[in-house]
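Chains, contacts and geometry: an overview
Here's the letter readout for the chains.
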Amino acid sequence: MTNGLEGVQLHLVDSVDKAGQFLTWLSERRPYNAVAIDTETGELKGRPRADALSPWHGRLRLVQVGDGMTGWSIPWEDWKGVFYEAMEKFDGPIVCHNVAFEARWFEVQSNWSMPWHRVHDTMIMAQLLDPLGSGALKELTQQHVDPQAASLQRVLDDGLIDNGWTWGSVPVNYQPYWAYGALDPVLTMRLWEKFWPNCGPGGAYNRPYELEMNARRIVTRMELNGARVDLDYSKRKYNELLSYTEQVKEWAKTTYGGLSIGSNQQLVYQFEKMGAEITELTESGQKSASADQIKLLTINGSDEVKQLAETVLKYRKAGKLASTYFLNFINDNVNGFVHPSVKTMGARTGRMSIQNPALQTLPKGDDTVRRAFLPKDDDHVIVTSDLDQVEFRMFASLSKDPNLIQLFNLADTTGSDPFTEIGREVYQEPGMQKSDKRRALIKGLIYGRLYGAGVAKQAITAGVPEDQMRQLSSEFDKRFPGMQRFQKEIEDKGMRRLRSEGQGYVNTWTGRRLPCDTDRVYTLVNYLIQGGAAEVFKSNLIKLDQADLTEYLIVPVHDEIVLNAPRDQVEEFKRIARECMTTREGWAVPLTADVEGPLENWGAKYA
C-alpha cells in the first residue's frame, strides 16, 4: 500500500494504441487482483442538470478503471467496446465507491451488469467504520490518503465555470475532466486497501459488511424494477391539493387581516395576538411555528387558536403531498414507473431512507399517496408485509422484563395487540379493546421512550396534556420496571465508554458499532433498537431474495416491504413473505410480520 499520490499515472483511452495499453495493464497481477470502477455522467442537451444523476434521464459519458497507482478514463460513446472486452476477461474483485450508482447506470445504459458476487463498496465500509464521518470519496481520501486529493476537483470546477460547461456538456477530452475521472478509481482502491482488513473475512466488521452488501444488491434491483404509478390519479390529486392550499391562503388573508399562512414570522405574531404562548425557537433564537409547536397549540390552545393551528397543519400536509410526491410522480416517471433512490444506510443506525420521492416520510396509515402505487400489470396484484411493532418487540426482549414478555406472548397467542394488553394491565380493565383511545397514549409512551423523547414530547405526539402522560408513565414503570432498568444500563455503559474511550457507543447483534454525540448518551437505547431492527429487516430481505422473490419486490418503506404477486399465486406469495419476514430464533419475543393482499393498489391496505 502506497501513501500519498506521488507517482500516480492517469490515462485517457482515445486511440487504438491507448486501448491496447489499457488491456495489457488490466492483465497484469496486482494486490488482491482487484480493480476499482467509476463513472462520470451528464444530462442530455436541453435537459435539467439534475438529470445527470439519473440513468433514465441522463447519459453515461466516461467509465473509469484503476488500481492504487494507475487510472484510466474511457469515453463511453466512442470506446465502450474496450470496456466490454476488458470486463469479459477480468475475473477479480471489483471495488466501487457507492456501487448502487454505478450499477444502475450500467444496467440501464450498457450491455454489462455488475457482478455482485465479487463487488465491494468503500462507501459502505466507511459508514460502518465511522457512522459519524463523511461518506464522500474526496473527503475520505483527504483524511485517509492525501490531503491534496481534492485539488484536481477544484481545477475542474474552475474550468466548468470559466467555460460555462455542465457535467453534460464538458468535452470528454478536456484534461482536467478526464483526469479527475481517472483519479477516482485510484482513490477508491486506496480506501479499499485501508478498510478491507476490518471489513473482509476475519475483520471486526465483516458480518455487518456482508449484510449491507447483500441488502444493497437486493435494493438496487428494486430501484431498477421501479414502481408503477397511477398518473391520472396523481394529476388529479396534485390539482386538488394545490387548489386546497390556494383556498387556505385566501382564507387566512381574509380571516386574519392579510396573514400569509406560509410565513413563520407572521404565524408566530398571529398566534401570540390570539393569546397563545410560543415556546419553540429556531436555531437563530427566533420564535418558531414548528410542527411540534403547532401540534401543542391544537392541544392547549383556545378554540380560535386550535382552529388556526389545525388548518396550518392541514395546509402544510397538503403542500408536501402535492410537491414531494404527486409532482414527482408526474415529472419523473419513466413509462409510468418511478424509480426511487434508496440509501440502504441513510441514517447512522443503518436504517434506510428513500429519495425521489421521499417515501420514508409518508404519513403512517395514510392512503392518499399510497393509492398511486399499482401492480406492475394486470396479471399482478400488490402484497405487503410489515413487521409487527419490531422495535417494541426488540425493546421488550432486551429488557428481559418477564411481565412485558408474558403480555406480548399472550397477545400473539390470542390474536390481541400488545398495546391493548398493556392497557388492560395498566388501567386494570380486562375488557379494554383495541379501539380504546388510551391505546394511542400507551403507544406514544413506548415509542417516545424508544426515540429518547421526554414526557412532554410524548404528550405532544399523543395529543394529550402532559400531566396525563406523566401519570401513565409512572403506572407503566410500576408494572414493567425492566424497560427503565435496561435503558439505565445502556446509558451507564455508554457513559463509561465515553469517559474511558472518548466516545459512547453500543454494538448491535451483528457487531455494528453505533456511536452517539458526546452530549446525547441517552440516544444509545434508540440507536441499539433502531439499528438492530434495521439489521433484522435487511436480513429478511435476504431471506426473500433466497426465496427467489427479488424480481417481485417494489420498495422498502419503514419496516414494510411492498411486492408484486402473480394473481394466481397470491396465497403462496403471502405464505412465503410471512415466513421470510418473521424471526423467532434469538428473541424472547418473536419478531413477527403481518401480510396483506391481494390489493389493487398499495393504499387499499389503509382505506
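This section reports on the structure supplied with the text. (Residues numbered from 1 in each chain as written. Predicted model: local features only at pLDDT ≥ 70, side-chain atom pairs only at ≥ 80, totals over all residues. Heavy atoms only, no water.)

1. Some thoughts on the nonpolar core
Formally: Take the buried residues of types Ala, Val, Leu, Ile, Met, Phe, Trp, Tyr and Cys, join any two whose side-chain atoms come within 4.5 Å, and each joined set is a nonpolar core. Summary of the burial criterion: residues with accessible area below 20% of their type's maximum are buried, those above 50% are exposed, and those between are partly exposed, where the area comes from a 1.4 Å probe applied to protein chains only. In this text, helices come from DSSP runs of H or I with a minimum length of four residues, and strands from runs of E with a minimum of two, each type numbered from the N-terminal end.
Membership of the largest hydrophobic core comes to 93 residues, with the highest contact counts inside it found for Phe326, Phe329, Phe373, Phe392, Ile422 and Leu541. Considering every element that reaches this core, the biggest residue donor is helix 20 (residues 524-546), with eleven residues. Ranked by size, the runner-up nonpolar core spans 65 residues in total, among them Ile74, Met87, Met125 and Ala149.

2. Focus: the sheet that holds strand 11 (residues 373-374)
Definition in use: When DSSP finds two or more bridges between a pair of strands, those strands are recorded as paired.
The strand order across the open sheet built from three strands is 8-7-11, with neighbouring strands paired in antiparallel fashion. Each edge of the open sheet carries a strand with a single partner, namely strand 8 (337-338) and strand 11. Here two bridges tie strand 7 (residues 227-229) to strand 8, and the two strands are oriented antiparallel to one another. When the bridges of strand 8 are listed, Arg228 appears paired with Phe337.

3. Here's the deal with the environment of Gln293
Threshold: For this analysis, residues touch if any pair of their heavy atoms sits within 4.5 Å.
On the secondary structure map, Gln293 appears in helix 11 (residues 291-300). It is 9.4 Å that separates the C-alpha atoms of Gln293 and Glu277, two residues lying 16 residues apart in sequence. In this structure Gln293 touches Glu277, Ile278, Thr279, Glu280 and Ser288, once residues within four positions along its chain are discounted.

4. Some words on the packing of aromatic side chains
Inclusion rule: Two aromatic rings, drawn from Phe, Tyr or Trp (for Trp, its six-membered ring), form a pair once their centres lie within 6.5 Å of each other, and the interplanar angle then sorts them: stacked below 30 degrees, edge-to-face above 60, tilted otherwise.
Counted according to the given criterion, the structure contains 26 aromatic pairs. On the numbers, 5.5 Å between centres and 80 degrees between planes, the contact of Trp76 with Tyr84 is edge-to-face. Residue Trp76 is classed as buried on the basis of its relative accessible area, which comes to 4%. On the basis of an interplanar angle of 50 degrees and a centroid distance of 6.3 Å, the ring pair of Trp167 and Tyr177 is categorised as tilted. Of this pair, Trp167 sits in the loop between helix 6 (151-163) and helix 7 (175-199) while Tyr177 sits in helix 7, and the two are ten residues apart along the sequence.

5. Focus: the sheet that holds strand 12 (residues 380-387)
Backbone-to-backbone hydrogen bonds join strands into a sheet, with any given pair of strands oriented parallel or antiparallel. Using the following cut-off: Note on definitions: angles span 0 to 180 degrees between N-to-C directions of axes, and those axes are lines fitted to C-alpha atoms, for helices only across the stretch in contact.
Spatial strand order, 15-16-12-17: four strands in an open sheet with antiparallel pairing. Two strands in the sheet have a free side with no partner beyond their single neighbour: strand 15 (553-557) and strand 17 (593-599). Across the sheet, the mean angle separating the axes of adjacent strands is 20 degrees when strand polarity is ignored. With seven bridges joining them, strand 12 and strand 16 (residues 560-566) adopt antiparallel strand pairing. Bridged to Ile382 within strand 16 is Asn564.

6. Examining the packing of helix 13 (residues 390-399) against helix 16 (residues 438-450)
To keep things clear, this is the line we draw: Working rule for angles: under 35 degrees goes down as roughly parallel, over 145 as roughly antiparallel, 65 to 115 as roughly perpendicular, anything else as oblique. Each residue is assigned to one of three groups, with Ala, Val, Leu, Ile, Met, Phe, Trp, Tyr, Cys and Pro labelled nonpolar, Asp, Glu, Lys and Arg labelled charged, and all others, Gly among them, labelled polar.
Running from amino to carboxyl end, helix 13 crosses helix 16 at an angle of 75 degrees, the nearest separation of the two axes being 11 Å. As summarised for this structure, helix 13 and helix 16 are arranged roughly perpendicular, according to the angle between their axes. Contacts from Glu391, Phe392 and Phe395 of helix 13 reach helix 16 at Ile446, Tyr447 and Leu450. Taken together, the residues of the contact of helix 13 with helix 16 break down into five nonpolar, no polar and one charged.

7. Concerning the pattern of salt bridges
Rules: Every case where a carboxyl oxygen of Asp or Glu lies within 4 Å of a side-chain nitrogen of Lys or Arg is listed as a salt bridge.
Tallying each qualifying case throughout the model produces 34 salt bridges. Where Asp412 meets Arg393, a salt bridge forms, and the shortest distance between an N and an O atom there is 2.8 Å. Taken together, the residues span a long stretch of sequence, with Asp412 in helix 14 (residues 402-414) and Arg393 in helix 13 at a distance of 19 residues. On the accessibility criterion, Asp412 (34% relative accessible area) is partly exposed. A cluster of three or more residues bridged by salt bridges with shared partners is formed by Glu212, Arg512, Glu535 and Lys538.

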